[in-house]
Amino acid sequence: MVCPRCKSENFKKNGSYTSKSHRQKLVQRYYCRDCESTFSDQTGTLTCGERKPYATQLVMRLLMSGVSQRRCAKIADLHPITVARKLERLGLRAAARNLEESTLDSIEEVIFDEMETFEHTKCKPVSIPLAVEKQSRRIIAIGVASMPAKGKLAKISGAKYGARDDDRKEALAHVLECVKNAAPGIKVIKSDMCPRYPNIVKKTFGGQIKHITYKGRRGCIVGQGELKRGGFDTLFSLNHTCAMVRDNLKRLSRRTWCTTKKRGCLKWMLDLYVWCHNQLLLGADWGMALA
Ligand SMILES: [Zn+2]
C-alpha cells in the first residue's frame, strides 16, 4: 500500500472509523508523513464514499445480463439514478482494468469490424468499432463514434439536427492502436471489405502485418446481422462476439424499447461489458468481483 496522493510509503496508522454503509465495518485510517494527508483502506476503492456499496456487483451483473437500467433499479430496489451513477463508476473502473489486463504476447490473429446503433433517435447513428482475438474470442479494444445517417434518414436527420460529425476513422484508428499495444506479436489482421479499412490498417501497423479481407455476407435470420447465412464463417469469432454484445446489453438488442440516450454512457456500458466478457464469461468465473 502507498499514499494515494504522493505514492509515499512513509505513513502511519491514524485511528479508524466505523462505516455505516459497509455494515458497520471498522475502517483503518492512515496519516502520510510526507504530504501530511490522511487516507483510509476505503480510499480509491470502487465503492469509496458510496451509500449502497453492497449493490454494486449485483448492478454490474444485471446490466451485463440483458437487463435495462430501469428494470435493474426495480430488481435491486434502488433509485434509477443510483444505478446510473454506479454504471459510471463501474465503466471507468472497468476501462482502467481492461487496459492493465489487455497485453498478451501470444496474440497472433485479430479480427475487427464496426457495429451500428444510435443515440436518442435513429437520425443520430453511432458506430462501435471493436477488435477480437481470433483464438480466445477475447475483446481487445472497443470504441464509440458518431456517424452521419444513411439512406432515407439522411435528409430528415440533416434537416432536424444539422450535419453530424463522422468520427469513425479516428475511433477505429484508436482501437487499432490499442491492438498494436496489446499484441506485440500480431501477425494477421482480418476484416470485411469496407473500403475505409486498408488505409487505417496501413497507417497503424505499417507494412509489418498481413491484412486479409473477406466479402461481407447477409444475416441468416431477419434482424440478426451477426449470425451469417450458410457454410463456414471466416469472421466467426467477431460475429459471435458481436452477437453476444447484442444479447447481453439490453440497449443494443434488436427490436427493443430500450435506447442509448448519450454516447458517453454507451461507452461506459461497453467498457464494463468488455471486462465482464473477458473475465466472467470467457474466464468462466461468474463470481469474480470488479475491484
Ligand atoms: Zn502522501
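Residues numbered from 1 in each chain as written. Predicted model: local features only at pLDDT ≥ 70, side-chain atom pairs only at ≥ 80, totals over all residues.

A. Structural view of the packing of helix α3 (residues 80-101) against helix α8 (residues 263-281). α8 packs onto α3 with a crossing angle of 50 degrees between their chain directions and a minimal axis gap of 8 Å. Relative to α8, α3 is oriented oblique. Viewed along their axes, α3 and α8 form a crossing whose handedness is left-handed. For the pair α3 and α8, contact is made by Leu87, Glu88, Leu90, Gly91, Leu92, Ala94, Ala95, Arg97 and Asn98 and by Cys265, Lys267, Trp268, Met269, Asp271, Leu272, Val274 and Trp275, respectively. Here the contact of α3 with α8 is composed, by residue class, of 11 nonpolar, 2 polar and 4 charged. (Axes fitted to C-alpha atoms, helices over the stretch in contact; angles between N-to-C directions. Helix = DSSP H or I, 4+ residues; strand = E, 2+ residues; numbered from the N terminus. Parallel < 35°, antiparallel > 145°, perpendicular 65-115°, else oblique. Left-handed = near helix turned anticlockwise from the far one by under 90°. Contact = placed C-beta atoms within 7 Å. Nonpolar A, V, L, I, M, F, W, Y, C, P; charged D, E, K, R; others polar.)

B. Structural detail: the nonpolar core. Of all hydrophobic cores here, the largest spans 53 residues; its most connected members are Val110, Val175, Val179 and Leu272. Looking at this core element by element, the count peaks at 9 residues for α8. Counting contributing residues per domain, this core is built from domain 2 (48-101 + 254-284) and domain 3 (107-248), each supplying no fewer than three. (Core = buried A, V, L, I, M, F, W, Y, C linked by C-beta atoms within 7 Å. Buried ≥ 20, exposed ≤ 12 C-beta atoms within 10 Å, placed from the backbone. Domains from an automatic or database assignment.)

C. Focus on unusual backbone geometry. Residues other than glycine seldom take positive phi values, yet Lys7 does so here, at roughly 60 degrees. Here Lys7 shows up in the segment before β1 (11-19). Of the residues examined, Lys7 has 10 C-beta atoms within 10 Å and is grouped as exposed. We note that His120 has phi near 65 degrees; this positive angle belongs to a residue other than glycine. With respect to the element layout, His120 can be found in the loop between β4 (109-118) and β5 (125-133).

D. Here's a closer look at the domain arrangement of the chain. The domain architecture assigned to the chain consists of domain 1 (1-44), domain 2 (48-101 + 254-284) and domain 3 (107-248). Between domain 1 and domain 2, the residue contacts involve 5 residues of the former and 5 residues of the latter. Partitioned by chemical class, the residues of the side of domain 1 that touches domain 2 number no nonpolar, 5 polar and no charged.

E. Structural detail: the sheet that holds strand β3 (residues 38-40). The strand order across the open sheet built from 3 strands is β1-β2-β3, with neighbouring strands paired in antiparallel fashion. What marks the edges here is a single partner per strand, and that holds for β1 and β3. The sheet shows a mean angle of 30 degrees between the axes of neighbouring strands, direction not considered. Sheet topology note: the strand β2 (residues 25-32)/β3 ladder contains 3 bridges and is antiparallel. (Pairing = 2+ DSSP bridges.)

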